[in-house]
Amino acid sequence: MTVGTPPAPVAAAGPRAADRRTGSHVWGGRVFAGLSYGSGILILLVLAAVAVFLVVQALPALTADPTELEQISWFRAESLLGYVGPLVFGTVLAALLALAMAVPVSIGIALFISHYAPRRLAQGLGYLVDLLAAIPSVVYGLWGALWLIGVLDPVMTWLSSTLGFIPIFAGYQAPAKNVLTAAVVLAVMILPIITAVAREVFLQTPRLHEEAALALGATRWEMIRTAVLPFGRSGVISAAMLGLGRALGETMAVLMVLSPGLLFSFFLLKPGQHQTIAANIAAQFPEAAGLSVSVLIATGLALFVITFVVNFVARAIVARRKDFSGAN
Amino acid sequence: MPQGIQVKDLNIFYGDFRAVADVDMEIESNSVTALIGPSGCGKSTFLRTLNRMHEVVPGARVEGNVQIGGVDLYGKGVDPVAVRREVGMVFQRPNPFPTMSIADNVLAGVKLNNRRISRSDAADLVERSLRGANLWKEVKDRLDRPGSSLSGGQQQRLCIARAIAVEPSVLLMDEPCSALDPISTLAIEELISQLKERYTIVIVTHNMQQAARVSDRTGFFNIENTGDPGRLVEIDDTATMFSNPSQRATEDYISGRFG
Ligand SMILES: Nc1ncnc2c1ncn2[C@@H]1O[C@H](COP(=O)(O)OP(=O)(O)OP(=O)(O)O)[C@@H](O)[C@H]1O
Ligand SMILES: [Mg+2]
């Protein structure tokens, strides 16, 4: 609708009343348009401000000579890129592993709540999931460090001894302070948000399409496959991206669970191989000053860029099959 | 193979609410039966008991007996999924799967029923079903476009194609033309007279002329007072129903509508 187009006068109301209504409509429209434009611009400004801040603060590190960087006590790399690279790798690896574990489980739970469970049970489960989302990440970190590591130890011992011929599972060392454990904690943390969004999306499947499938002789699972999942596809992708965003930026839980290292390593069960950007910043920041702060901010800039790229990719995936999305 | 339908003492409930009471009906194979009646009298509810779609609504249940081709639909051990494969349904609002192409929409039911179908068989079936639904000429060049890219009337015919692709013995239609323009409506009415050769058809409609044009027999449902269950007042040959029905209520309803 174009802003300011007067609505057709209501027949029953007199011409004056119609005028007044039109007037307030125009006003309401303007105010609303102003507000929404304003909010949109505000978001852009905030985003720009963050980007500018990151770039400006990271500039000294970006332009610094490798010899200067080597002065920093924890800086063990040839160049800034050599330092950021493994961090980016570790961050993306942990987040993707978490996503790979969380998404199938979330979809399962969401479908159970939306299409299988009796209403009472579904409601209870829904609350429970929402409650999980409210637990602070430090608590997840404690849970991971004090309990999960012990529980995963026999599992990973077994994994390493039976599937150890596959390189990624080779060389497990107790305690399980490896990237896989960190990813499990992350997966549990992002499970609620993905489940909650997926559940909402699945519940919105038009009844019409569900009945179309059922009337063709679909079983419940077939109905879900033909009507619910395709309809929820883009919503689930968005949900996964939300989860990925959270996993990428998660600090405390990783810091408390993972024994850090700066390698491009696919050994998921070895400690001391990986570190994430966020956890690294939190670990080094208290001791940092001058150029080392700038280095940390440069890694933060990298995280910012990753998050952006992730979102763009997600959007591209969703847009690619827009014609078939059911939104038209 | 088209099948006849026998309904005896059918009572239909939503939870404790009895929506339709005491229906007895005999439908011959290869015939078109129109169901008419005022809004809320239970036409859709009744229609949906003929392919066990009624029980999809939580708390909904049925008492009485429905037989199609001599098989008791509600008998022990009868799988509702199997029933729905035999008894196809077209809904009031066109509902092609928006995430599927036109061709995949046609094949949706077939892919459920016998998972595997060769490429050329699939292409044949798509063409045959779309021709059967009078839609082939309009969509043959864009079979891979989404089903939702069609006009409303085309979408409804796509739904008919989807329903007949699985070769059911009975086809149920719930106001299939109510969302369509007169030309699309005409196309579907013509289609119904063709389909009768191969299917037993039951169609709900609010349009008297339509009932008169397409059906062999017409059943009139009515509801006395709000809150009462709907009942089948009478069912007879369409010509008789529209010229001299035996019930006063039928005459009132039909003449009232014709004004
Ligand atoms: N899902 C439902 N839950 C509870 N009651 C329902 C449900 N669907 C329909 N009813 C009730 O059953 C009665 C019959 O409804 P039905 O939809 O069968 O009428 P209809 O004859 O098809 O009407 P229309 O011509 O408007 O489509 C109505 O009183 C209606 O309120
Ligand atoms: Mg109805």
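Residues numbered from 1 in each chain as written. Chains lettered and ligands numbered in written order. Predicted model: local features only at pLDDT ≥ 70, side-chain atom pairs only at ≥ 80, totals over all residues. Heavy atoms only, no water.

J.: When you look at the nonpolar core in this model, what are you seeing that I'm missing?
T.: For soluble globular proteins, the rule of thumb is that nonpolar side chains tend to be buried together. Residues and elements named next belong to chain A. One finds F75, L80 and V295 to be the most contacted residues of the largest nonpolar core, which totals 72 residues. Mapped by element, the contributors of at least two residues to this core are α1 (15-63), α3 (80-116), α5 (137-162), α6 (179-203), α8 (220-249), α9 (252-257), α10 (277-284) and α11 (291-320). For this core, the element with the highest residue contribution is α3, accounting for 13 residues. Taken domain by domain, the makeup of this core includes at least three residues from each of domain 1 (1-63) and domain 2 (66-324). (Core = buried A, V, L, I, M, F, W, Y, C linked by side-chain atoms within 4.5 Å. Buried < 20%, exposed > 50% of the residue type's maximum accessible area, 1.4 Å probe, protein only. Helix = DSSP H or I, 4+ residues; strand = E, 2+ residues; numbered from the N terminus. Domains from an automatic or database assignment.)

J.: It is not clear to me how the sheet that holds strand β7 (residues 170-174) of chain B should be interpreted in this structure. Could you clarify?
T.: In a beta sheet, neighbouring strands pair by backbone hydrogen bonds and run either parallel or antiparallel. All names here are of chain B. Read from one edge of the open sheet, 10 strands run β5-β4-β1-β2-β10-β9-β3-β8-β7-β6, paired in mixed fashion. Lying at the two open borders of the sheet, with one neighbouring strand each, are β5 (71-72) and β6 (87-90). Summarising the sheet, strand β3 (residues 32-36) and strand β9 (residues 217-222) pair through 4 bridges and their orientation is parallel. Residue L35 lies in a different strand from β9, and its bridge partner there is G219. (Pairing = 2+ DSSP bridges.)

J.: Would you explain the interface of chain B and chain A in this entry?
T.: Many authors give the size of an interface as the accessible area that is lost as the parts come together. Chain B puts 31 residues into the contact, and the matching count from chain A is 22 residues. Broken down residue by residue, the surface that chain B buries against chain A is led by F97(B), T99(B) and L112(B), which jointly contribute 28%. Along the contact surface separating chain B from chain A lie 2 salt bridges. Across the pair R48(B) and E211(A) runs a salt bridge, and its minimum N-O distance is 2.9 Å. It is helix α3 (residues 102-113) of chain B that contributes the most residues to the side of chain B that touches chain A, 4 residues altogether. Broken down by class, the residue content of the side of chain B that touches chain A amounts to 16 nonpolar, 7 polar and 8 charged. (Contact = heavy atoms within 4.5 Å. Buried area = accessible area lost by both parts, 1.4 Å probe. Salt bridge = Lys/Arg side-chain N within 4 Å of Asp/Glu carboxyl O. Nonpolar A, V, L, I, M, F, W, Y, C, P; charged D, E, K, R; others polar.)

J.: Help me understand the state of the cysteines in this model?
T.: Residue and element names in this part refer to chain B. For the coordinates displayed, the defined rule picks out 0 disulfides over all chains. C41 takes part in no disulfide bond, and the closest cysteine sulfur to it belongs to C177, at a distance of 18 Å. C159 carries a free sulfur, and the closest cysteine sulfur to it, the one in C177, is 12 Å from it. Owing to a relative accessible area of 3%, C159 belongs among the buried residues under this scheme. (Disulfide = S-S within 2.5 Å.)

J.: I keep staring at the packing of aromatic side chains and nothing clicks. Help me out?
T.: Geometrically, a pair of aromatic rings is defined through the distance of the ring centres and the angle of the planes. Considering all chains together, one arrives at 9 aromatic pairs over all chains under this definition. A connected cluster of aromatic rings, assembled from ring pairs, spans W74(A), F75(A) and Y83(A). The lysine or arginine in question, K270(A), covers the ring of F267(A), its NZ or CZ lying 3.9 Å from the ring centre. Above the ring of F13(B), the side-chain terminus of R61(B) is found at 4.2 Å from the ring centroid. (Phe/Tyr/Trp six-rings, centres within 6.5 Å; stacked < 30°, edge-to-face > 60°. Lys NZ or Arg CZ within 6 Å of the ring centre and 35° of its normal.)

J.: Would you explain the packing of helix α6 (residues 152-165) of chain B against helix α7 (residues 182-195) of chain B in this entry?
T.: Two packed helices can be described by the angle between their axes and the distance between those axes. Residue and element names in this part refer to chain B. It is the contact of α6 with α7, at a shortest axis distance of 9 Å, that shows an interaxial angle of 20°. For the element pair α6 / α7, the angle class is roughly parallel. In this structure, the crossing between α6 and α7 has a hand that is right-handed. From α6, G153, Q156, R157, I160 and I164 reach across to α7, where they touch S184, A187, I188, L191 and L195. Among the residues making up the contact of α6 with α7, the classes are represented as 6 nonpolar, 3 polar and 1 charged. (Axes fitted to C-alpha atoms, helices over the stretch in contact; angles between N-to-C directions. Parallel < 35°, antiparallel > 145°, perpendicular 65-115°, else oblique. Left-handed = near helix turned anticlockwise from the far one by under 90°.)

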